[in-house]
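# Reading the structure
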Amino acid sequence: MIIHIFRSPVLKGYVVANGEVVRDSDGLAVRREPVMSDEVWSAVQTALDAGSQDHSAKRSDATFLLHVAYCGECQAPLYLQAKKARGYGYYVCSGRAQGRCRARSMRDDVLEKLITETLLQMCGGAPMRSKVIHPAQSHAADLAAVDEAIANLQAQLVAGKISADLFGSTAQMLEARQASLRALPSTPESVEWIPTGQTFGEHWEALDEAGQRAFMIRAGITAHVSEDDGLPIKPRADQAFIRLAGGFKILINLGDLAKLSELASRAQ
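First, a word on what this report is: a plain description of the structure on this page. All figures in this text were calculated on a predicted structure; none of them were measured in a lab.

So, how was this worked out
Residues numbered from 1 in each chain as written. Predicted model: local features only at pLDDT ≥ 70, side-chain atom pairs only at ≥ 80, totals over all residues. Heavy atoms only, no water. Pairing = 2+ DSSP bridges. Helix = DSSP H or I, 4+ residues; strand = E, 2+ residues; numbered from the N terminus. Axes fitted to C-alpha atoms, helices over the stretch in contact; angles between N-to-C directions. Core = buried A, V, L, I, M, F, W, Y, C linked by side-chain atoms within 4.5 Å. Buried < 20%, exposed > 50% of the residue type's maximum accessible area, 1.4 Å probe, protein only. Phe/Tyr/Trp six-rings, centres within 6.5 Å; stacked < 30°, edge-to-face > 60°. Lys NZ or Arg CZ within 6 Å of the ring centre and 35° of its normal.

Turning to the sheet that holds strand E5 (residues 90-93), a few remarks are in order. One open sheet holds the 3 strands; their spatial order is E4-E5-E6, and the pairing between them is antiparallel. Of all the strands in the sheet, just strand E4 (78-81) and strand E6 (106-107) have a single pairing partner and so form its edges. Sheet topology places E4 next to E5; 4 bridges connect them, and they run antiparallel. What sits directly across from leucine 78, in E5, is cysteine 93.

Take the sheet that holds strand E10 (residues 239-243) next. The pairing of strands in a sheet comes from backbone hydrogen bonds and takes either a parallel or an antiparallel form. As summarised here, the arrangement of the 4 strands in space is E3-E9-E11-E10, forming an open sheet in which the pairing is mixed. With one partner strand each, in any of the chains shown, strand E3 (69-71) and E10 form the two edges of the open sheet. Averaged over all neighbouring strand pairs, the angle between strand axes comes to 20°, with direction disregarded. Across 6 bridges, the pairing between strand E9 (residues 222-227) and strand E11 (residues 248-253) is antiparallel. Bridge pairing links serine 226 to lysine 249 in E11.

The nonpolar side chains of a soluble globular protein tend to be buried, and buried together. By size, the foremost hydrophobic cluster in this structure holds 40 residues, and its most contacted members are Leu65, Leu111, Leu119, Phe200, Met216, Ile252 and Leu257. Counting 10 residues, the second-largest nonpolar core is a separate cluster that includes Leu143, Ile162, Leu174 and Leu181.

If you walk through the whole model with that rule in mind, you get 4 aromatic pairs. Ring centres of phenylalanine 200 and tryptophan 204 lie 5.8 Å apart, and the angle between their planes is 50°; this geometry places the pair in the tilted category. Within this pair, phenylalanine 200 and its partner tryptophan 204 are both found in helix H6 (residues 200-205), separated by 4 residues, close to a single helical turn. The exposure class assigned to phenylalanine 200 is buried, which follows from its relative accessible area of 0%. Measuring from ring centre to ring centre gives 6.3 Å for tryptophan 204 and phenylalanine 215, while their planes differ by 80°; the resulting arrangement is edge-to-face. Note that tryptophan 204 is positioned in helix H6 and phenylalanine 215 in helix H7 (residues 209-219), a separation of 11 residues in sequence. Put simply, the rings of Phe200, Trp204 and Phe215 touch in pairs and so form one group of aromatic residues. Directly above the aromatic system of phenylalanine 248 lies the positively charged group of arginine 104, at a separation of 4.4 Å from the ring centroid. Looking at arginine 107, its charged tip hangs above the ring of tyrosine 88, at a distance of 3.5 Å from the centre.

Here it is in structure tokens:
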């Protein structure tokens with residue numbers, strides 16, 4: 001099966017014989033040139049695990065605010081109810097279908113326009129920057145391999161597959177390797193914001209609807225829609241709060257756009 005292939009450690013370079021990982025004299029897994037890195041292989045496993053879950057209730061067609069708009073009452077995602085002949089539909093709380101929420105629905109054209117206009121009004125003039133994440137430099141993968149080798153060595157000793165002398169000498173080498181890896185320096189993840197020469201507004205207008213939705217998701221922009229209870233709200237600097245005449249209130253988290261505005265303010 002294809003899933004079995006993607007589950008195999010052979011993809012990350014491990015040599016496997018008779019269903020078990022082959023190890024060298026130090027107890028470490030024997031590896032060749034990998035098809036994918038340890039990080040990518042782990043990500044694939046996570047995706048396969050997620051794919052094995054029941055997704056029957058999920059929509060297959062992505063609407064503009066899917067995974068952007070959420071119910072402010074129960075925090076469930078809003079989905080777009082089929083548009084009628086009148087030319088508009090409604091964003092509905094997915095919790096209502098399960099009887100967990102009684103939040104009101106909101107017209108799609110009103111909500112989509114409101115969110116778009118708010119983003120452009122608050123951040124449209126900010127210089128656009130690409131977010132580049134420099135991953136942390138660490139030796140976690142090598143340490144994990146040594147830890148796994150030590151655990152396997154202990155299992156072999158318990159199972160009577162190796163002698164105590166062999167265990168002692170091999171474990172000593174592995175522990176020395178472990179200590180040397182822990183002593184190596186590491187650097188944390190860092191973020192760099194690179195100017196693109198555009199404003200956010202120019203960048204946004206150049207995107208089609210699918211591109212705008214992808215941008216919002218990637219930038220961590222979310223909108224939480226609920227019925228207005230009249231209570232005072234003091235949004236954070238990275239949020240926008242809107243009250244509508246129809247009895248709704250919307251809290252928008254600006255995500256990375258807040259950082260663009262902050263960087264623009266510093267440059268002034």
